[in-house]
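Residue-level structural notes
Each chain is listed here by its residues.
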Amino acid sequence: MSDIDPLLITLGMFAAMFVMLLLGTPLSWSLLTVGMGFAYFLWGSGALELLTISAFSSMDNFILVALPMFIFMGLMLERSGITDDLFEMMNKLMGAQPGGLGVGTIVLCALIAAMAGVSGAATVSLGVIALPAMLKRGYSKKLATGTIMAGGALGFLIPPSVLMILYAFLAKESIGKLFAAGLIPGLMLAAIYIIYILIVSRINPSIAPPLAEAERVDWKGKLRSLKALILPGTLIVTVLACIILGITTPSEASAIGAAGAVICAAIYRTLTFNMMKDVLLDTTRIMGMLIWITLTAIFFSKVYIGLGAGYLLQDLVEDSSLAPMAVIVAMLACYYVLGMFLDDFAIVFITVPLFVPVVELLGFDPVWFAILFIVSMQSAYLTPPFGYNLFYMRSVAPPSVTIYDLYLAAIPFILLQILGLALLVMFPQIALWLPELIYGS
Amino acid sequence: MLSVCHLVSWVDRLSETVGKAISWMCLAIIAVMLYEIAARYFFNSPTSWAHEVTTMLYGTFCIMAGTYTHRYQGHVRSEALYHLFSRRGKAIVDTLTGSLVLFVLIMFFVASVDFAWDSWQRAEVSSRSTWAPPLYPFKTVLPLAVGLIALQSAAHLVRDICVAFNVGCDACADRGVEAEH
Amino acid sequence: TTNLRMQTYWGREASDVFAAFGGDVRTASNGTLRVRHFTGSSLVPDAEMFQAVSNGTIDMCQGYAGYWPGQLDIAGIESGLPGAWTSYDEAQYVFRHKGLLELIREAYAENNVHYMGPIFGGPFDLLTKEPVNSLEDLKNMRIRATPAVARILQAFDIPTVFLPGSELYVGLSTGTIDGVIYAGTNEYVGMKLYEVAKHYTSLGMVYPGYCDQILVNMDVWNAMSEEEQKVMELAYEKHASHMNTWMVSGSIDAGGSGKFEMNKLNAEDSARLRRAAEVIWEDEAAKSERNRKAIDILKETALATGRA
Ligand code: NA
Ligand code: NA
């Protein structure tokens, strides 16, 4: 075992990672190659075993079974046509207000977030459905794309959430607790976006005009449109109740959700053999990416910790006279910086083993910190240069929308996310109230 | 040159077939878990095997899925600088990093063969439930998956070399669709 | 100097005990041996520590053989079979006087691992949401138990369920499970389980309820000088006693903290449990010649102490 300065190891490993990423090497291969290089030269051949053990531990885990299930569920619902129906409903309900379509889009994002485990689903499907509708009605490019990108990121905060499952797996936390803790902050963030949209559309109605008179419907039409909520609503409540109330394990609840999604698609008459094949193949493709990032990032972080560098942070915190809250703020700042360059899964695997012990050492609630982390990752989806929702939006938006429009569109929403984060830091009860209510404290 | 091209497209088809075959395991996972829930709640007799069967199905599915993802260049990368390169520039950079990655994957493959072989020799069984199924078949999935990934990496590398040195043919030109996340 | 990476399955709560062990090794070896301690799962999953030591991924570990009966024949016996011993002294008698320690050392040596010796833990009993006075009371409860214990419970038609450790709190609070047999009061306090299930029932199956060990990679062990090996042995002996005191004291403190309703299974049911455990003893004995010898030791001890 080497006695090389942990600071040097830290710089070396992260610099090497950065170079490989810049050269366009896929994230998982970068983590694998850098981890292997440092492990082999500073640890010895025993480190190869560390890689196989890390790989097998991400295969041999009952908790992670929920990942493909929730991904499958989200994809199945997306293809079933439920999203179109729901958008039609929002259109009828809110279209008459200035900014109404934007508000409806946020509400729809929150609904999709409660059906899907990942964040891509809402951004892509609403980019296809809601963006053209908003642009056609004269919404400004920036408000329309910003709304969809920020709303789409809610997928990881409002349960079910793949990111929370991974966090729970790494931090040995309960999935049920994290899900319960994420619900209210997710709704709060959605409310913040809605208030913002209503304010800007009040100040300047031309960027978010209401529907033309002819397109509006009366209250009967509005009431009738609500029936689009029945199926997805039932499914959402069933799955969340199973997890949060502990009727089944989270993994089993995810299977119920997946089966429920198939049933929904059948009722919508959109379930075909080809559609099933497509959904299965897409699940395969996403899981293949996810699990290889998982195992290589676990390996990378174990090498980093094993070389003694993991203590760098804990020593730093223990020796320093920083106020505990300052440490939390520093960690969140670190998440924002990492979020500009790295994938959220890479960030969770690299930082959770390092940060969570420190958070516990300082006497903070790890569940609360988990929610702060997830909210920070909301921003990571929007911050350039590496932000998934920027890419998704770019891939579905009309050519008139440039990547720079998207950068500008994201800024107000990033500020709103920081506002939400600040509220959570100041009032932890926003996150902790629900889990404490359900599980006692 | 032609036979190399054949080999490359054969590897592509292999990854494709494997991906399509394992994708159905998702439905098997759902079925097993629903059975377990029913056994527990309606018949008050939880099975001793369901959670381990599910875990093995999941583990096999997800690790093997990497090959299919790789076939379509679906492993996420940062495009910040990369997208500025020309097609040939990309191929040159990929040739350099790709050879390094392939080397590391081969090391990984060797280590994972040892890992599985160890388990066969110990005749290892699971320590998690009263069911105690043998673990070595499940552990053997790891070298299989890593081997397939390494193979697909080699195929991508051959293609990159062809583009980098301008000796491409039709089979090599198909780098796979850039799949979205 | 030799740096030794040592992982344990314990978290930060035991850091002081391991710091003391590391300090002893360093001082007694004049700084030629240095132990770098890693908490549970921080390098390899706790269940893979035996294999990781065997392959030299980590140099040593404090583990619990209950994680690897599928990898090593004698592990089930080593970790503490139901009915195996009833007191600390008896466990010491079995290991050090009757030779179980040598049998275990031989088994680990075949896997390139040096077994330093046992570290006895505290109680390992039942925690439930509702009071339990007899085995009959358990028949309508879903219990989360280790495989060995699950086999015994199944003999009494008590349903057992699998749930990962991190889900126990929510599982108990919401009724996915009605009880756990996972550890002792000390660990139940550490996991805050008393908040959701406060009925603690001593089953009277086995005490010490679990048994840790220290494993060292054989190549690392053989590379040490005779003096260094002696240093390790002395430090281990002190640590084993220190750790045992720490675990047992924690359990007594936790048991008397008012967080639990303490209860005891009636003597007749405890005896029924121990008798049911004999099936497991036979299964273990059938695994290998060595296991047969180990089980014979347990049987002789049970006779000598008047339990059988
Ligand atoms: Na979600
Ligand atoms: Na970003």
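This one's a predicted model, so the numbers in the text were calculated from it and none came from an experiment. Going along each chain's sequence as written, the residues are numbered from 1 onward. Written order decides the labels, with chains lettered from A and ligands numbered from 1. Given that this is a predicted model, residues contribute local features only at a pLDDT of at least 70 and side-chain atom pairs are listed and counted only at 80 or more, while totals for whole chains, interfaces and linings are drawn from all residues. Think of the side-chain values as coming from all heavy atoms in the structure, minus any hydrogens and water.

Moving on, we get to the overall build of chain A. Secondary structure elements follow DSSP: runs of H or I of four or more residues count as helices, runs of E of two or more count as strands, with numbering from the N terminus. If you tally the helices and strands in chain A, you get 21 helices and zero strands. For the radius of gyration, the atoms used are the C-alpha atoms, and the globule rule reads 2.2 Å times the number of residues raised to 0.38. The C-alpha radius of gyration of chain A comes to 22 Å, within 12% of the 22 Å expected for a compact globule of 441 residues. Once the C-alpha set of chain A is aligned to its principal axes, its extents read approximately 75 × 50 × 45 Å. What makes two residues a contact is simply this: any of their non-hydrogen atoms within 4.5 Å. Here the contacts in chain A between residues at least 6 apart in sequence split such that 81% fall between residues at least 24 apart.

Let us now look at the overall build of chain B. Of the regular secondary structure elements, chain B holds six helices and zero strands. Its helices and strands in sequence order give chain B the pattern α-α-α-α-α-α, from N to C terminus. Scaling as 2.2 N^0.38, a compact globule of 181 residues should have a C-alpha radius of gyration of about 16 Å, whereas chain B reaches 20 Å, well beyond that. Projected onto its principal axes, the C-alpha coordinates of chain B cover approximately 65 × 35 × 30 Å.

Salt bridge, as applied in this entry: a Lys or Arg side-chain nitrogen positioned within 4 Å of an Asp or Glu carboxyl oxygen. Tallied over the entire structure, the rule returns 23 salt bridges over all chains. With a shortest N-O distance of 3.3 Å, Arg-285 of chain A and Asp-282 of chain A are connected by a salt bridge. One end of the pair is Arg-285 of chain A and the other is Asp-282 of chain A, both in helix H14 (residues 273-306) and three residues apart, which spans about a single turn. One salt bridge in this structure joins Lys-238 of chain C and Asp-24 of chain C, with 3.1 Å as the shortest N-O distance. Of this pair, Lys-238 of chain C sits in helix H11 (residues 226-255) while Asp-24 of chain C sits in helix H1 (residues 15-28), and the two are 214 residues apart along the sequence. Put simply, Asp-73, Glu-106, Glu-110 and Arg-290 of chain C are held in one network by salt bridges that share partners.

With that settled, consider the interface of chain C and chain B. How big an interface is tends to be expressed through the accessible area that disappears when the partners come together. Listed as interface residues are 20 residues of chain C and, on the opposing side, 16 residues of chain B. Carbon and sulfur atoms supply 51% of the area that chain C and chain B bury against each other, a total of about 1,500 Å² over both sides. One can count zero salt bridges joining chain C with chain B. Identification of polar contacts relies on pairs of N or O atoms within 3.5 Å, with a donor-acceptor requirement for protein atoms, meaning one able to donate a hydrogen and the other able to accept it, and with residues adjacent in sequence counted only if both atoms are side-chain atoms. At the junction of chain C with chain B, the criterion picks out three residue pairs in polar contact (both at pLDDT 80 or more). Buried surface area refers to the total accessible area, computed with a probe of radius 1.4 Å, that the two partners give up upon joining, counted for both partners together.

This brings us to the pairing of strand E10 (residues 211-217) of chain C. All names here are of chain C. For E10, a buried count of seven out of seven residues is recorded, marking the element as mostly surrounded by other parts of the structure. Both faces of E10 are covered, namely the face carrying Cys-211, Gln-213, Leu-215 and Asn-217 and the face carrying Asp-212, Ile-214 and Val-216. Pairing of strand E3 (residues 60-64) with E10 involves five bridges; the strand directions are antiparallel. Looking across to E10, one finds that Gln-62 is bridged to Ile-214. Of the strand pairs in this sheet, strand E4 (residues 113-120) and E10 are connected by seven bridges, and their pairing is antiparallel. Bridge pairing links Tyr-115 to Leu-215 in E10. The buried label goes to any residue with under 20% of its type's maximum accessible area, the exposed label to any with over 50%, and the partly exposed label to all in between, with areas taken from a 1.4 Å probe on protein chains only. Any two strands with at least two DSSP bridges between them are considered paired.

As a further point, take the packing of helix H5 (residues 82-94) of chain A against helix H6 (residues 100-115) of chain A. Residues and elements named next belong to chain A. All axes here are fitted lines through C-alpha atoms, helices being fitted over the stretch that makes contact, and every angle between N-to-C directions spans 0 to 180 degrees. H6 packs onto H5 with a crossing angle of 145° between their chain directions and a minimal axis gap of 9 Å. The interaxial crossing formed by H5 with H6 has right-handed handedness. Along its contact with H5, which presents Ile-82, Thr-83, Leu-86, Phe-87, Met-90, Asn-91 and Met-94, the element H6 presents Gly-100, Leu-101, Val-103, Gly-104, Thr-105, Val-107, Leu-108, Leu-111, Ile-112 and Met-115. Asp, Glu, Lys and Arg are counted as charged, while Ala, Val, Leu, Ile, Met, Phe, Trp, Tyr, Cys and Pro are counted as nonpolar; the rest, among them Gly, fall into the polar class. Considering only residue class, the contact of H5 with H6 consists of 12 nonpolar, five polar and no charged. A clockwise turn of the near helix away from the far one marks a right-handed crossing, whereas an anticlockwise turn of less than a right angle marks a left-handed crossing.

What characterises a pair of aromatic rings is the spacing of the ring centres plus the angle enclosed by the ring planes. Classification of ring pairs rests on two measures: the distance between centres of Phe, Tyr or Trp rings, Trp counted by its six-membered ring, which must be within 6.5 Å, and the angle between planes, read as stacked under 30 degrees, edge-to-face over 60 and tilted in between. Counted by the stated rule, this structure contains 40 aromatic pairs over all chains. Between the aromatic rings of Phe-14 of chain A and Phe-300 of chain A, the centroid separation amounts to 5.7 Å while the plane-to-plane angle is 85°, which identifies the pairing as edge-to-face. In this pair, Phe-14 of chain A sits in helix H1 (residues 6-22) while Phe-300 of chain A sits in helix H14, placing the two residues 286 residues apart along the sequence. A centroid spacing of 5.4 Å and a plane angle of 75° characterise the contact between Tyr-196 of chain A and Phe-413 of chain A, whose relative ring orientation is edge-to-face. Of the two residues, Tyr-196 of chain A is situated in helix H10 (residues 175-203) and Phe-413 of chain A in helix H20 (residues 403-426); the sequence distance between them amounts to 217 residues. An aromatic cluster of three or more residues is present, and its members are Tyr-9, Trp-10, Phe-50, Tyr-64, Tyr-67, Trp-68, Tyr-108, Tyr-115, Phe-124, Tyr-210 and Trp-246 of chain C. To sit over a ring, a charge needs its Lys NZ or Arg CZ within 6 Å of the ring centre and within 35 degrees of the ring normal. Above the ring of Tyr-169 of chain C, the side-chain terminus of Lys-177 of chain A is found at 4.1 Å from the ring centroid. Across from the ring centre of Phe-56 of chain A, 5.1 Å away, lies the NZ or CZ of Lys-139 of chain B, which sits over that ring.

Facing the 57 residues of chain B at the interface are 61 residues of chain A. Counting each side, the surface lost to burial between chain B and chain A is near 5,500 Å², with a carbon and sulfur contribution of 79%. Viewed at the interface, chain A and chain B are joined by one salt bridge. Put simply, Arg-40 of chain B and Glu-252 of chain A hold a salt bridge, and the shortest N to O gap is 2.8 Å. At the surface where chain B touches chain A, the tally comes to five residue pairs in polar contact (both at pLDDT 80 or more). Counting only elements with at least two residues in the side of chain B that touches chain A, the list comes to helix H1 (2-23), helix H2 (25-41), helix H3 (50-71), helix H4 (87-122) and helix H5 (136-164) of chain B. Ranked by residues supplied to the side of chain B that touches chain A, first place goes to H3 of chain B with 13 residues. For the side of chain B that touches chain A, the residue count by class is 35 nonpolar, 15 polar and seven charged.

Now for the sheet that holds strand E2 (residues 33-38) of chain C. Residue and element names in this part refer to chain C. As summarised here, the arrangement of the five strands in space is E2-E1-E3-E10-E4, forming an open sheet in which the pairing is mixed. Looking at which strands have only one partner, the edges of the open sheet turn out to be E2 and E4. Here the average twist between neighbouring strands, direction ignored, is 25°. Relative to E4, H11 is tilted by about 30°, and along the sheet it contacts strand E1 (2-8), E2, E3, E4 and E10.

Turning to the sheet that holds strand E9 (residues 199-202) of chain C, a few remarks are in order. Residues and elements named next belong to chain C. Strand order in the open sheet formed by six strands is E7-E6-E8-E5-E9-E11, and the pairing between neighbours is mixed. On the outer flanks of this sheet lie strand E7 (160-161) and strand E11 (261-264), each paired with one strand and no other. As defined by bridge partners, strand E5 (residues 125-128) adjoins strand E8 (residues 179-183) across four bridges and the pair is classed as antiparallel. Across the sheet, residue Thr-128 finds its bridge partner in E8, namely Gly-179. Running at roughly 135° to strand E6 (residues 143-145), helix H7 (residues 147-155) makes contact with E6, E7 and E8 of the sheet.

Here the term patch refers to residues with relative accessible area over 30% and no salt bridge, with like charges joined within 9 Å and nonpolar side chains (Val, Leu, Ile, Met, Phe, Trp, Tyr) within 5 Å. Note that accessible areas follow from Shrake-Rupley with a 1.4 Å probe, and for residues the cover is restricted to the protein chains shown. Charge counting follows a simple rule: Lys and Arg are positive, Asp and Glu are negative, and His as well as the terminal groups are ignored. Taken as the charge location is NZ of Lys, CZ of Arg, CG of Asp or CD of Glu. The grouping of Lys-92, Lys-220, Arg-224 and Lys-227 of chain A at the surface amounts to a positive patch. The topology assignment puts Lys-92 of chain A in helix H5.

Turning to the UniProt feature "transmembrane region" (unreviewed entry) in chain B, a few remarks are in order. Residue and element names in this part refer to chain B. On the UniProt side, "transmembrane region" (unreviewed entry) is annotated at positions that read residues 21-43, 49-70 and 91-111 here. Here residues 49-70 runs as 95% helix and 0% strand, with 32 Å between its end C-alpha atoms. Helix and strand shares over residues 91-111 are 100% and 0% respectively, and the end C-alpha atoms of the span are 29 Å apart. UniProt positions are given in the numbering used here, feature names are shortened, and annotations may be inferred rather than shown by experiment.

With that settled, the discussion passes to unusual backbone geometry. Going from Pro-159 of chain A to Pro-160 of chain A, the amide bond is cis rather than trans, its omega being -5°. With respect to the secondary-structure elements, Pro-160 of chain A resides in the loop between helix H8 (141-152) and helix H9 (162-171). Here Tyr-207 of chain C and Pro-208 of chain C are connected by a cis peptide whose omega angle stands at -10°. Assignment of secondary structure puts Pro-208 of chain C in the loop between E9 and E10. Look at Asn-112 of chain C: it is not a glycine, yet its phi comes out positive at around 65°. Secondary-structure assignment places Asn-112 of chain C in the loop between helix H5 (100-109) and E4. Within the chain, Lys-192 of chain C stands out as a residue other than glycine whose phi angle is a positive 60°. Tracing the backbone through its elements, the reader meets Lys-192 of chain C in the loop between helix H9 (185-190) and E9.

So, about the nonpolar core. Buried Ala, Val, Leu, Ile, Met, Phe, Trp, Tyr and Cys residues form a nonpolar core when they are joined through side-chain atoms within 4.5 Å. Residues Tyr-167 of chain A together with Leu-100 and Tyr-108 of chain C are the most contacted members of the largest nonpolar core, which totals 327 residues. Top element by residues in this core is H14 of chain A. It accounts for 19 residues. Setting aside anything within four residues of it in sequence, one finds Leu-100 of chain C in contact with Ile-74, Ile-77, Trp-85, Val-94, Phe-95, Ala-294 and Ile-297 of chain C.

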